[in-house]
Amino acid sequence: MAASPDMRTAQGEMRQADMTGWSAQVLGYARLQGPRGQGVKLERRAAALLAYLGVEGPSAKGAVAGLLWPDSPPATVRNNMRQLLRRLRLLCDGVELVEADHQQLALSPGLTMDVVSLRRAVGDTLPPGVLASLAQGASTCLLSGVNFDDCDELARWLDGARNAVEGWVRQAREEEVQRRMDAQDWRAALTLAEAWAQQEPESEQAGRHLIQLHYLLGDRGAALAAFERLRATLAHDLGVTPMPETFALVHSIERSAPRTPPAHRPAPKALPLSVLRPPVLAGREDALRQLQEGVAAGQLLFVTGEAGSGKTRLTEEFAASLGTWVRMEARPSDQDVPYASQTRALRTQLASNPHVRLPDWVRVEVSRLLPELGGSSTLPPLVSEADELRFYDAHAEAIALLHQDNDVVIVDDVQFWDQASAKVFMYALSRLLEGKRGTRTPVFIDCYRRGELPPYSEANVRKLVDTGVARVIDLGTLSPGEVRQLLAGLELPAAEPHAEALARYTGGNPLYIVETLKHLIETEALRKEWPDRLPPPGRVGPLIQRRLERLSPRARLTAQLAALADVHFRATLAPEALQLSVEHLHAALAELESAQLLVNERFTHDLVMEAVRASVSPSAARFLHGRLARVFEQDAAPAIVVAHHWMEAGRDERALSFLLTAAQEDERLLPKGQAAGHYARAATLLEAAGRHEEAANAREAAARCQRSDGAPAPETSGA
């Protein structure tokens, strides 16, 4: 008899409870760790299964089994997978590490895995376990010591996954070091940078952090010694010299006198490495004017825009122009915990203002959230409106007193504030703005990502704006002219010729522009032609990935189909390719347009398309390419388009006829070099299929085209 929904829910909760204490390690040497500290070594296929699900997420059972046992008959493959899952259960005393049904495999929700924690941490605060591993320099190589020379496709996946993990590690390190530097926690940042440089001594990014952090900690000699080590490593291992930005940083240190650690914010507001912090706030003149008008009108200011639009940078520079300022922020996990944001803000401000004495009645009420203030253990619960009003008034009084020395208070990432905190904070602000506190009132600037406010915060903002108490300043993207203005201020002449390409590729998002420039500099591509393809660099990928994760599965799949179809995508392809009704397709497209990912059947900019492509697992990509090939074939699309998708789907035999047709069509046009390439590729596929006579004909056709084009015939063996 089938289990009821309630029973299935209870069973799922029991399975998750059973997982408590079990963790899997696939970075370094693969092993399991049990709740009593027992370690269990994993054999290579079990390790590969867990690593694959950790990197790719829930996956088709048949595709994973085909990777693990590529040369076995289907019945053997199914039996092998059952036995592997059984062995994993036995290793863990019957606990399910992997949830499996007839079609899909997924990690059990209660299983903790290092690579999953790392993947989720990119673009966010690192969990303690991941942070400790990076600080201690632990191995971050995926499945260290494991190889799959007998499984070619699995070996290729592992190579790609290792590269992806290396990127996550590098990005997580960079973000955590920068986060610690922004918080002036230089010693913690130095520990992370030293572990990074030890594992990647040739990383100039890590080396620059070491140089800067030693200097900020007052050890000028150690900073210069770190530079010499970096220069020697780059010369010996890579045969290159440090980048101009590194030399500029070192020259500034050499010109400075030895000093002790500063008591306040680090002295250099803008290092010569201008790309790390562009000196010009291009395209923000109107926003600055609105901020000034809002201050003059005594309004609460809201600054919104997409991630990377420069909200924090703009508000911090504006705040500094007004006097003393303080910044508070919320975190993604706050929304699930009542008063989490307010509690953190109060603790931060109390620690920063030890001279402020809260009245006794205020301390008592605030101690409901901060027990360390005393009194919470004996306080009665809030049972009446009068009790609740006293609680809210106490917080309003505390906020007023703690901010009386500030000219500006910035509240960042308001979209993450929990509902209870938002309610008490908005009450306090309304009291302050009404002038009922009798204390000096600072300017409040709240920043949030466009389109991400929860309904309760959105309602608060709308009410304040409608009554004239507040104004919203929306930061848009930069126009091509403003991108040129930004580049002109970077003192990077080689970047200015790329202004138009940067504007198109990044959509004018300031962070995306800077991160793309960093990538071009680090890969020594800045002085070259604009590349045909660029991966989402630095922090860009995770930011766009977060936007993708908020989509419904149907909208995400539609975006992935559009990314793989590229310029040939049309909305009319999707119903057949994805087996969607027209109604569902319209809903998916509306969702993509609302998220500013797809507009008029085109991605808003190239970076979004690249990030969506990167989100498609290899098995899903093969499936979607196959669906596109069928639709394009039925639609009489250009032969080369059909051939491309059949080849990407792993169906070379279906691609052959279209590839030859494309070659014959191109041969009638000039120049003929493209036709020669198609013939050469077809010759390789024909040879692999044992059709040697046809392969020879294709090679002759390739040579004929090349002779006509005046170029040497292409090699076909590696096509």
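Residues numbered from 1 in each chain as written. Predicted model: local features only at pLDDT ≥ 70, side-chain atom pairs only at ≥ 80, totals over all residues. Heavy atoms only, no water.

## Re the overall build of the protein chain
Threshold: Counting from the N terminus, the helices are the DSSP runs of H or I reaching at least four residues and the strands are the DSSP runs of E reaching at least two. Pairs of residues are marked as contacts when any of their non-hydrogen atoms sit within 4.5 Å. Only the protein chains shown count as cover for residues, and the accessible areas themselves come from Shrake-Rupley with a 1.4 Å probe.
A count of helical and extended segments in the protein chain gives 31 helices and 14 strands. The long-range fraction of contacts in the protein chain, counting pairs at least 24 apart against all pairs at least 6 apart in sequence, stands at 69%. For the protein chain, the exposed surface amounts to about 34,800 Å²; the carbon and sulfur share of it is 51%.

## Here's the deal with helix H12 (residues 285-296)
Which entries qualify depends on this criterion: The span one expects for a helix is its residue count, reduced by one, times 1.5 Å. Residue burial is assigned from relative accessible area. The probe radius is 1.4 Å, only protein chains are included, and a residue is buried under 20% of its type maximum, exposed over 50%, and partly exposed in between. To be clear, the arc concerns the directions from the helix axis to the C-beta atoms.
For H12, which comprises 12 residues, the first-to-last C-alpha distance of 17 Å matches the rise-based estimate of 16 Å (1.5 Å per residue) to within 8%. All buried positions along H12 are accounted for by Ala287, Gln290, Leu291 and Gly294. Along the axis of H12, the buried residues cluster in a sector spanning 105 degrees; they form a single face. Its buried side turned inward, H12 meets strand S8 (300-305), helix H13 (311-322) and strand S12 (470-474). Looking one or two places after H12, you find Gly298, whose phi comes out positive at around 70 degrees.

## Re the sheet that holds strand S4 (residues 59-60)
Cut-off, in case you're wondering: Two strands qualify as a pair provided DSSP detects at least 2 bridges between them.
Pairing is antiparallel in the open sheet, where 3 strands are placed in the order S4-S6-S5. Edge strands, defined here as strands with exactly one partner in the open sheet, are S4 and strand S5 (98-100). Here S5 pairs with strand S6 (residues 104-107) via 3 bridges, running antiparallel. By the bridge assignment for S6, Val98 is matched with Leu107.

## With respect to the pairing of strand S10 (residues 408-412)
Judged by how many residues are buried, S10 sits mostly within the fold: 5 of 5 residues are covered. Across the two faces of S10 the burial is the same, with Val408, Ile410 and Asp412 and Val409 and Val411 all buried. Where strand S9 (residues 325-329) lies against S10, 5 bridges are found, and the strand directions are parallel. Note that in S10 the partner of Arg327 across the bridge is Ile410. Here S10 pairs with strand S11 (residues 443-449) via 4 bridges, running parallel. The residue of S11 that forms the bridge with Val409 is Phe444.

## Observations concerning the packing of aromatic side chains
The geometry of an aromatic ring pair is captured by two quantities: the separation of the ring centres and the angle between the planes. Defined as follows: Working definition: a ring pair exists when centres of Phe, Tyr or Trp rings (six-membered ring for Trp) sit within 6.5 Å. Plane angles under 30 degrees give stacked, over 60 give edge-to-face, the rest tilted.
Applying the stated criterion across every chain yields a total of 9 aromatic pairs. Measuring from centroid to centroid gives 4.8 Å for Tyr52 and Trp157, while their planes differ by 40 degrees, and the two rings are tilted. Residue Tyr52 is found in helix H2 (residues 44-56), and its partner Trp157 is found in helix H7 (residues 152-182); the two are separated by 105 residues along the sequence. The class of Trp157 is buried, set by a relative accessible area of 9%. Consider the rings of Tyr339 and Phe391, whose centres lie 5.7 Å apart with planes at 80 degrees: the pair is edge-to-face. Residue Tyr339 is located in the loop between S9 and helix H14 (340-352), and its partner Phe391 is located in helix H16 (residues 385-402); the two are separated by 52 residues in the primary sequence. Under the relative-accessibility criterion, Tyr339 is labelled partly exposed at 21%. Taken together through their ring pairs, the aromatic side chains of Tyr339, Phe391, Tyr392 and Tyr427 make up a single cluster.

## Focus on the side chain of Gln205
So the rule is basically this: Counting of polar contacts relies on pairs of N or O atoms within 3.5 Å, with two restrictions inside protein: one atom must be capable of donating a hydrogen and the other of accepting it, and residues adjacent in sequence are counted only when both atoms are side-chain atoms.
Within the secondary structure, Gln205 sits in helix H9 (residues 204-216). Judged by its relative accessible area of 19%, Gln205 is buried. In this structure the side chain of Gln205 is engaged in a polar contact, spanning 3.1 Å, whose partner is the side chain of Glu174.

## Let's talk about the pattern of salt bridges
Our working definition: The term salt bridge refers to a pairing of a side-chain nitrogen on Lys or Arg with a carboxyl oxygen on Asp or Glu at a separation within 4 Å.
Scanning the model with the defined rule gives 23 salt bridges in all. Note that Arg450 and Asp474 form a salt bridge whose closest N and O atoms lie 2.7 Å from each other. Of this pair, Arg450 sits in the loop between S11 and helix H18 (455-466) while Asp474 is found in strand S12, placing the two residues 24 residues apart along the sequence. Residue class for Arg450 comes out partly exposed when judged on its relative accessible area of 28%. Among the ionic contacts, a cluster of salt bridges with common partners joins Asp286, Arg289, Glu293 and Arg471.

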